[in-house]
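Next come the chains, spelled out residue by residue.
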Amino acid sequence: MLPPGLVPGAPLTALAPMQDVTDLAFMRVIAHYGAPDFYFTEFFRVHAQSRPEVHILRSIEENTTGRPVFAQLIGEDLGHLARTVRLLLRHPVAGIDLNLGCPAPKVYRKNVGGGLLREPARIDEILATLRAEVPGLLTVKMRVGFEDTSNFDRILDLIDKHDVDLLTVHGRTVREMYHAEVRYERIAHATARVRCPVLANGNITSAARAAAVLATTGGAGVMIGRHAIRNPWIFHQCREVFAGRAPGVITLGQVREYIERLFRATQVDGLAERLHVNKMKKYLNFVGQGVDPQGAFLHAMRRTETERELFAVCDRHLLNEAHLPFSPEPYAGVIARPNCEVPRGEPAPCSLTAITA
Ligand SMILES: Cc1cc2nc3c(=O)[nH]c(=O)nc-3n(C[C@H](O)[C@H](O)[C@H](O)COP(=O)(O)O)c2cc1C
């Protein structure tokens, strides 16, 4: 049995796992504005030398959100997956989630994450191993395929074969990364084919969109990633919309308060001011999509280097007319694109530096 959602009988909501984002601090900030029903950790990497990453374990051990946290794994070695599951089950996890979606070439070339979608036979072995090790909830998060959707049904049948308890489907192939149209009809297909509840994922930009996606897909709920960074009220708004109420209007003044809270939550001893500001810019690239239709906030925010400069920009764009509404949908054409805060060299897999909306 899945843990009950906050509103019995209502569609479920989940915060999507996002590397470098969904850490303890971010989970707590989201909970402040209205927690999702379920959280998922950033992925724990599993290989011969791996031990569960301490900073990810913190999001489980020190979870004060009141909501369950599923631990996500990425890997393909059966013995090391089993070993990691045994280690993780010593912690208060709601369940174990397998990543079958990460599209970063560095990852899929090792045949893990989205790379596994090319090999249903390997997924069969992995799910058999995990099912044998996990007495409680085993969940899977997958894309609809690697190049195309030719393996989709075969993999969906493995979800049933191994009694997976919850499936999340991101309606894009690995090749489609993060920008292509989401294939909600494939999510509907999964919902009809598998026994377990399905969470629909991909471009759920608002509570209204969540309701529309649920209506098209028949999913048991929604998983939301980037648009929860932009709008941390989104899970509360989903509950309002699911109950037939209008979601409250968020003002620019409230967004200023969110940014301040995020800044304080992500402050750690020894983190240089410039690096902290750069980290904030990665979140604000998404927030800025709802501030003004011209992207003026984004433009100014990207040029800041100090805390003082950053908050001066926030004050100018968010407090001068603090009563104005924050757009519930991202403004068309305002692109979340990291610029100077992106380190040189190849971007990290599935990190904020690698992904632009
Ligand atoms: C910065 C970032 C990091 C991500 N890291 C992970 C991850 O660790 N595990 C995973 O399964 N998906 C990861 N994803 C994919 C998201 O969970 C989600 O499937 C994707 O962003 C589509 O949902 P959205 O349109 O609501 O953002 C990541 C996405 C982003 C933007």
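Residues numbered from 1 in each chain as written. Predicted model: local features only at pLDDT ≥ 70, side-chain atom pairs only at ≥ 80, totals over all residues.

**A few points about the overall build of the protein chain**
- Helix and strand counts for the protein chain stand at 14 helices and 8 strands.
- A compact globule built from 357 residues would reach a C-alpha radius of gyration of about 21 Å, and the protein chain, at 20 Å, matches this within 12%.
- Its C-alpha atoms put the protein chain at 55 × 45 × 35 Å along the principal axes.
- The buried share of the protein chain, reckoned over its 357 residues, is 48%.
- Considering only contacts in the protein chain between residues 6 or more positions apart, those separated by 24 or more positions represent 73%. (Helix = DSSP H or I, 4+ residues; strand = E, 2+ residues; numbered from the N terminus. Rg over C-alpha atoms; globule rule 2.2 N^0.38 Å. Buried ≥ 20, exposed ≤ 12 C-beta atoms within 10 Å, placed from the backbone. Contact = placed C-beta atoms within 7 Å.)

**Describing the packing of helix α7 (residues 184-193) against helix α8 (residues 207-217)**
- Where α7 contacts α8, the axes come no closer than 8 Å and their chain directions differ by 55°. By the angle class used here, α7 and α8 are oblique. Where α7 abuts α8, its residues Tyr-184, Ile-187, Ala-188 and Thr-191 lie against Val-213, Thr-216 and Thr-217.
- When its residues are assigned to classes, the contact of α7 with α8 shows 4 nonpolar, 3 polar and no charged. (Axes fitted to C-alpha atoms, helices over the stretch in contact; angles between N-to-C directions. Parallel < 35°, antiparallel > 145°, perpendicular 65-115°, else oblique. Nonpolar A, V, L, I, M, F, W, Y, C, P; charged D, E, K, R; others polar.)

**Describing helix α1 (residues 24-34)**
- Buried within α1 we find Leu-24, Phe-26, Met-27 and Ile-30. The buried residues of α1 all sit within an arc of 160° when viewed along its axis, so they share a single face.
- On its buried face, α1 is in contact with β1 (12-15), β2 (38-45), α2 (54-61) and α9 (226-230). (Arc of directions from axis to C-beta.)

**A look at the sheet that holds β2**
- With respect to topology, 8 strands assemble into a closed barrel ordered β1-β2-β3-β4-β5-β6-β7-β8, the strand pairing being parallel. Across the sheet, the mean angle from the axis of one strand to that of its neighbour is 25°, orientation sign disregarded.
- Here β1 pairs with strand β8 (residues 221-224) via 4 bridges, running parallel. By the bridge assignment, Leu-15 is partnered in β8 with Ile-224.
- Across the sheet, helix α3 (residues 78-88) is in contact with β2, β3 (69-74) and β4 (95-100); its angle to β3 comes to roughly 160°. (Pairing = 2+ DSSP bridges.)

**Here we look at unusual backbone geometry**
- A positive phi angle, close to 60°, is found at Asn-111, a residue other than glycine.
- Relative to the helices and strands, Asn-111 is located in the loop between α4 (105-108) and α5 (120-133).

**Side note on the domain arrangement of the protein chain**
- According to the domain assignment, the protein chain consists of domain 1 (12-242) and domain 2 (249-357).
- Placing the centre of domain 1 and that of domain 2 at their C-alpha centroids yields a distance of 26 Å.
- Domain 1 puts 20 residues into the contact, and the matching count from domain 2 is 21 residues.
- Looking at the side of domain 1 that touches domain 2, the elements with two or more residues in it are α1, α4 and α9.
- The element contributing the most residues to the side of domain 1 that touches domain 2 is α1, with 4 residues.
- Taken together, the residues that form the side of domain 1 that touches domain 2 break down as 10 nonpolar, 5 polar and 5 charged. (Domains from an automatic or database assignment.)

**Focus: the nonpolar core**
- Counting 105 residues, the largest nonpolar core has Leu-73, Ile-96, Leu-130, Leu-167, Ala-200 and Val-222 as its most contacted members.
- The dominant element in this core, judged by the number of residues it contributes, is helix α12 (residues 273-287), at 6 residues.
- Per-domain counts for this core show at least three residues from each of domain 1 (12-242) and domain 2 (249-357).
- With sequence-adjacent residues up to four places away left out, Val-222 is seen in contact with Pro-11, Thr-13, Leu-199, Ala-200, Ile-204, Ala-210, Val-213, Leu-214 and Cys-238. (Core = buried A, V, L, I, M, F, W, Y, C linked by C-beta atoms within 7 Å.)

**Topic: the packing of helix α11 (residues 252-265) against helix α14 (residues 307-319)**
- Packing of α11 against α14 leaves a shortest axis separation of 8 Å and a crossing angle of 160°. One finds that α11 runs roughly antiparallel with respect to α14. Residues Leu-252, Gly-253, Val-255, Arg-256 and Ile-259 of α11 form the contact with α14, whose participating residues are Cys-314, Leu-318 and Leu-319.

**A few points about the pairing of β3**
- Most of β3 sits inside the fold, with 6 of its 6 residues counted as buried.
- The side-chain alternation of β3 yields two buried faces, one formed by Val-69, Ala-71 and Leu-73 and the other by Phe-70, Gln-72 and Ile-74.
- As judged from the 5 bridges shared by β2 and β3, these two strands associate in the parallel manner. Looking at the pairing, Phe-40 lines up with Phe-70 of β3.

**Points about the environment of Gln-267**
- Following the sequence through the fold, Gln-267 ends up in the loop between α11 and α12.
- Classification of Gln-267 as partly exposed rests on a count of 14 C-beta atoms within 10 Å.
- Along the primary structure Gln-267 and Lys-279 are separated by 12 residues, whereas in three dimensions their C-alpha atoms are 10.0 Å apart.

**Section: α3**
- Taken together, the buried positions of α3 are occupied by Leu-81, Thr-84, Val-85 and Leu-88. An end-on view of α3 places all buried positions within 105° of arc, on one side of the element. Every exposed residue of α3 that faces more than 90 degrees away from the buried side is listed here: Gly-79 and Arg-86.

**With respect to the pairing of strand β7 (residues 198-201)**
- Burial along β7 is two-sided: Val-198 and Ala-200 facing one way and Leu-199 and Asn-201 facing the other are all buried.
- As paired elements, strand β6 (residues 166-173) and β7 share 4 bridges and run parallel to each other. Bridged to His-170 within β7 is Asn-201.
- Where the polypeptide runs from β6 across α7 and back to β7, its parallel neighbour, the crossover connection is right-handed.
- Handedness of the β7-α8-β8 crossover: right-handed. (Right-handed = clockwise from strand over helix to strand, strands pointing away.)

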